[in-house]
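Coordinates in review
If you want the building blocks of each chain, they are given just below.
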Amino acid sequence: MQRRFFLAGMPLALAACTAQEVWAPDDIVSRAIFRDPDNSYLTLYTMKNNGSGNGAHTALLINASQRVLFDPAGSFVQDRMPERNDVLFGVTPELERFYVSYHARVTYHVVGQKVQVSPEVAERALNLALENGPVPQAHCARATSRLLRQLPGFEGIRQSWGPNNVSDDFAKLPGVETVEYHEDDPDDKSVAAARINAALSE
């Protein structure tokens, strides 16, 4: 299942501002729901170029009444986590690792920044992600920073187009735990996608 498309023949300016609406059925979403019961937290993921350090993508893992991944304009295609408009459901630790592994390769690494939050803040983040709607290409950092700015305690996050700006602001939050993920997979993400989908089908 391809998660993103642009309508052929549309002007480029218009196509750049559109995104596909995806809406998994209720029964599939309900069966996929997963929560880490220990605590409530947010993890900001930033994909960075190994050579330049430039940020290429931003996503937000939310552990609230359920564990979801807000992956605006993301490219991770799989069959285990149903999607509703850039929100992936049923994000188990295993699937989270596959998501990170998909993006980490010889040319890019992934920075994960985790911060503990109250259940109320986590639930607010979940609701904002569900209400956001599909995000156009290249708007991942803008959509994520806009969501974060609406949470109590996150008002210092600047709304930005740059993944690194969001990551830099997130790093200033109290108690942030930061981990970097490096892999030596080829630059072609389809190689990682094939390996991951094979593992998920076992």
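Report follows, based on the coordinates. (Residues numbered from 1 in each chain as written. Predicted model: local features only at pLDDT ≥ 70, side-chain atom pairs only at ≥ 80, totals over all residues. Heavy atoms only, no water.)

**Concerning the side chain of Ser101**
The residue Ser101 is located in helix α3 (residues 93-103) in this model. Ser101 gets classed as buried once you look at its relative accessible area, which sits at 7%. At 3.2 Å, the side chain of Ser101 and the side chain of Arg195 are in polar contact. (Helix = DSSP H or I, 4+ residues; strand = E, 2+ residues; numbered from the N terminus. Buried < 20%, exposed > 50% of the residue type's maximum accessible area, 1.4 Å probe, protein only. Polar contact = N/O pair within 3.5 Å; in protein donor to acceptor, adjacent residues only side chain to side chain.)

**As for the pairing of strand β2 (residues 55-63)**
Put simply, side chains in a regular strand alternate between the two faces of the sheet. For β2, a buried count of 7 out of 9 residues is recorded, marking the element as mostly surrounded by other parts of the structure. Here 8 bridges tie strand β1 (residues 41-49) to β2, and the two strands are oriented antiparallel to one another. For Leu44, the partnering residue across the bridge sits in β2 and is Leu60. Where β1 folds back onto β2 in an antiparallel hairpin, the turn is made up of 5 residues, including Gly53, whose phi is positive at roughly 80°. Bridge count between β2 and strand β3 (residues 67-70): 4 bridges; the pairing is antiparallel. Note that in β3 the partner of Leu61 across the bridge is Leu69. Taking the residues that link successive antiparallel strands as the turn, the β2-β3 hairpin has 3 residues. (Pairing = 2+ DSSP bridges.)

Function cannot be read off these values alone, since they describe shape.
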